[in-house]
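# A closer look at the structure
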Amino acid sequence: MTKPRVVIVGAGFAGYHAAKTLRRLAGGRAEIVLLNSTDYFLYLPLLPEVAAGVIEPTRISVPLTGTLPGVRVVVGEADRVDLQNRWVGFTNPEGDRGQLAYDRLLLSVGSVNKLLPIPGVTEYAHGFRGLPEAVYLHDHVVRQIELAEQAEDPAEQQARATFVVVGAGYTGTEVAAHGQLFTDALRAQRPRLTVRPRWMLLDLAPRVLPELDERMSQTADRVLRRRGVDVRLGTSVAEATPDGVRLTDGEYVPTCTLAWCVGVRPDPFVAQLGLRTEKGRLVVDEYLNVPGFPEVYACGDAAAVPDLARPGQICAMTAQHAQRQGKLAGQNIAASYGHGRRRPYKHHDLGWVVDLGGKDAAANPLKLSLSGLPAKAVTRGYHLLAMPGNRARVGADWLLDATLPRPATQLGLVPANAVPLESSSPEVAVHTR
């Protein structure tokens, strides 16, 4: 008798942990197929450390094959779902099309860069949601410092050594914090560079890390300003040009670098499904089921999961929610095959961690506010526990970074046109434009 097939679309925090949980609970009762645009799970929280050269890119790229034994991995981009006939259409990396029939379907396609209608941003900014973008930013920063050292004009030196980050949330704050340390180290190796690299962090919000605890915000703000990061709150970009950015307060800042860390939006694939959405996310019930389609589930950033801890609201688009929802989706799908019983999603966050580079971090495990080395220890311990693989390699990179000078070379593996901001799948390098 043929086993029923479960197709999971997307191998981010939600999809990866759903596949892992389902394999453990009901692997013998169903064929599990994981469809993803890459053959790895990307541990997004450590992307800023890749951009700053602390960690090698392969360290946060956990292979799907090998870490998910018994799960069939299909590399391809999902582009259609036929809910009536129960199949998913996809295109593989070489452009060939295929279909996967399913008995159960889990949609966990995640999110992409959030776009705002600001002139010039899609032409001159780069996002920060995927590995190609982090590798590109690392090379770009090194290149600009090298070109600044070679420049004879002091104005050109300063423009090339100015790095603008838009968005003072979790990602933008870490990018600016790690970036200032990185470029200060690069400057120390280049005596001909007469200007100090300048990082600007912009946000319309009244404080950095506006979505997190205020004490964590104060810690991050203090560390950033102490390092010399130019934090501009209540300010954003009004226009981007080839030579700089005009701010909402009217100031023009010459720069060759605009990093877009404003936030995320559900993958555009969600809008193509013809299903009911809320704030662009698929409507599901507390069991992660899509109404009207009991065989279809959704979780993570793509799903508007009711937040039972905050009645009337939906869960935030965070890795913490996505990972826990993925595990529950795996349990509830297993329950649909008679293994256990389904449960509603309810989660109280256990705290947050923000790595600020060097010896600095901010954390509030179990609502206990920490900063400095204690926060750093908690932050790194959390990341090691949360990573599904490569822990020893990540730990080794952290040790090497603490004891040896950081290598600073640009390999040029990811050109600028491979990471356009308007890409609907930012983890895939798109060689067009």
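Residues numbered from 1 in each chain as written. Predicted model: local features only at pLDDT ≥ 70, side-chain atom pairs only at ≥ 80, totals over all residues. Heavy atoms only, no water.

## Quick notes on the side chain of Asp139
Under the convention used in this document: In this text, helices come from DSSP runs of H or I with a minimum length of four residues, and strands from runs of E with a minimum of two, each type numbered from the N-terminal end. Only protein chains enter the calculation, and the probe is 1.4 Å; a residue is then buried if its accessible area is under 20% of its type maximum, exposed if over 50%, and partly exposed in between. Charge assignment in this entry is limited to Lys and Arg as positive and Asp and Glu as negative, and neither His nor the chain termini are counted. Salt bridges are defined by distance alone: a side-chain nitrogen of Lys or Arg within 4 Å of a carboxyl oxygen of Asp or Glu. We call two residues contacting when some pair of their heavy atoms lies within 4.5 Å.
Positionally, Asp139 belongs in helix H5 (residues 131–150). Buried charge without a salt bridge: Asp139, with Arg143 as the nearest opposite-charge side chain at an N-O distance of 5.1 Å. Discounting residues that sit within four places of it in the chain, Asp139 has contacts with Thr409, Gln410, Leu411, Gly412 and Leu413.

## Some words on the pattern of salt bridges
Scanning the entire structure with this criterion turns up 22 salt bridges. Asp355 is the partner of Lys376 in a salt bridge, and the nearest nitrogen-oxygen pair spans 2.7 Å. In this pair, Lys376 is assigned in helix H10 (residues 372–386) and Asp355 in strand S24 (residues 353–355), connecting sequence segments 21 residues apart. Judged on exposure class, the residue Lys376 and its partner Asp355 are both buried. We note a salt bridge from Asp401 to Arg406, for which the minimum N-O separation is 2.8 Å. Judged by its relative accessible area of 23%, Asp401 falls in the partly exposed class.

## Notes on the environment of His126
The topology assignment puts His126 in the loop between helix H4 (121–124) and H5. The buried category is assigned to His126, whose relative accessible area is 17%. Counting along the chain gives 29 residues from His126 to Arg97, while the straight-line C-alpha distance between them is 29 Å. The contacts of His126, once residues within four sequence positions are left out, are Tyr136, Leu258, Ala259, Trp260, Ala416, Val419 and Leu421.

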